[in-house]
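Observations on chain architecture
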Amino acid sequence: FGSNKTKALIQENQLLQQQLVQMERKMNDLHSVVNTISDQGDHLRLMVDLPSLGEETRKAGTGGALIESEFDVASDNTSLLLQSTQQLLTRLTGEVKVQQQSYEQVVKQLEFNKAYFTAMPAIKPMPGFYSRQEFGMRVHPVLGIKKPHEGIDIVNDVGTQVAATGDGIVQMAGHSGGGFGFVVVINHSFGFQTIYAHLSKILVREGQHVKRGDLIARSGKSGLVSGPHLHYEVRRNGVCQNPMDYFFDDVTIQEYRKQITAEESLKK
């Protein structure tokens, strides 16, 4: 009595076991993919200046033992398959969640980096010669006494174009009332500030937004100087930095403008 139904249930159980085995195999394959994504995610984190997650963080929240009584109704073989499958599913769910949070951090850091790099004074403000020994203590060329030199002097003819070295807002544009002569001061985000002194002509106004590469002034010899040059300073949170740490001689203003213009045209 009921033998047909029993046979059907046995066949159904065998089929379910086969499907469980196939599912476990596919989930193992998926786990390999997740591991590959994790490795790529660590590479992306390093590229945006975030620490790699590490094995412990990757596996965080994926542990925990299963309660065997959940599968008491199944045969021993089926119970083991169900436990193995559920453990693998729990592990995958946890690792995928960790990777989702990691990629959200990467996107957030990337947006931060874009804004940070835009504000950073990252190009040479004017073509010309400068000495690598000028930052720090030196003998003042006019006064003849030792004084701290908080920037560098870039030497070129009067009227040479001076460009903003990063995006920001003009804080001051006028005569300094002192040895700097005519000066432009730009406040950038993230605590950066740049100063351009001894100018002959100022081409921006206070409160004006400027972008890196924008023409802001022309060099001169106003103020206490021995000859025409641009005095250029970089400050971070009020502390003077060596400007040479923030630009490369092989990136000229003209080349920078040309590339930026080309990229903007492509976006349109």
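Cut-offs applied
Residues numbered from 1 in each chain as written. Predicted model: local features only at pLDDT ≥ 70, side-chain atom pairs only at ≥ 80, totals over all residues. Heavy atoms only, no water. Helix = DSSP H or I, 4+ residues; strand = E, 2+ residues; numbered from the N terminus. Buried < 20%, exposed > 50% of the residue type's maximum accessible area, 1.4 Å probe, protein only. Contact = heavy atoms within 4.5 Å. Pairing = 2+ DSSP bridges. pLDDT = per-residue confidence, 0-100. Core = buried A, V, L, I, M, F, W, Y, C linked by side-chain atoms within 4.5 Å. Phe/Tyr/Trp six-rings, centres within 6.5 Å; stacked < 30°, edge-to-face > 60°.

1. Looking at the side chain of D42
For D42, the location among the structural elements is in helix α1 (residues 3–47). Using a relative accessible area of 11% as the deciding quantity, one classes D42 as buried. Dropping the residues within four chain positions of it, D42 is found in contact with S52, L53, G54 and R58.

2. Notes on the pairing of strand β6 (residues 182–187)
The two faces of a sheet get side chains in turn, since along a regular strand they alternate between them. Judged from the six bridges that link them, strand β5 (residues 168–175) and β6 form a sheet pairing that is antiparallel. Residue M172 lies in a different strand from β6, and its bridge partner there is V185. Two elements, β6 and strand β7 (residues 192–202), share five bridges in a ladder whose sense is antiparallel. Among the inter-strand pairings, V184 is bridged to a residue of β7, identified as Y196. Hairpin connection, β6 to β7: the antiparallel pair is bridged by four residues, and F190 has positive phi, about 60°.

3. Topic: the confidence of the model for the protein
Predicted coordinates in areas of low pLDDT are best not read in detail. Averaged over all residues, the pLDDT of the protein equals 83, while 84% of them reach at least 70. Mean pLDDT across the elements of the protein ranges from a minimum in strand β1 (residues 136–139), with 63, to a maximum in β6, with 98. Below a pLDDT of 50 lies the segment residues 64–69, which in the model reaches four contacts outside its immediate sequence neighbourhood of four places, other chains included.

4. Considering the nonpolar core
One finds V162, V184, I186, Y196 and I216 to be the most contacted residues of the largest nonpolar core, which totals 24 residues. Looking at this core, the elements that each hand over two or more residues are β3 (152–155), β6, β7, β9 (215–219) and β10 (229–236). When near neighbours in sequence (up to four residues on either side) are disregarded, I216 contacts V162, A163, A164, V184, I186, Y196, I202, L203, V204 and V210.

5. Observations concerning the packing of aromatic side chains
Here the structure, examined in full by the defined rule, presents nine aromatic pairs. Considering the side-chain rings of F112 and F190, the 5.2 Å spacing of their centres and the 80° angle between planes classify their relative orientation as edge-to-face. Within this pair, whereas F112 is found in helix α3 (residues 76–119), its partner F190 is found in the loop between β6 and β7, the two being separated by 78 residues in sequence. Taking relative accessible area as the criterion, F112 reaches 39% and is therefore assigned partly exposed. Summarising the aromatic geometry, the rings of Y116 and F117 are spaced 5.7 Å apart at their centres and angled 65° between planes, so their arrangement reads as edge-to-face. Y116 sits in the buried class, given a relative accessible area of 17%.

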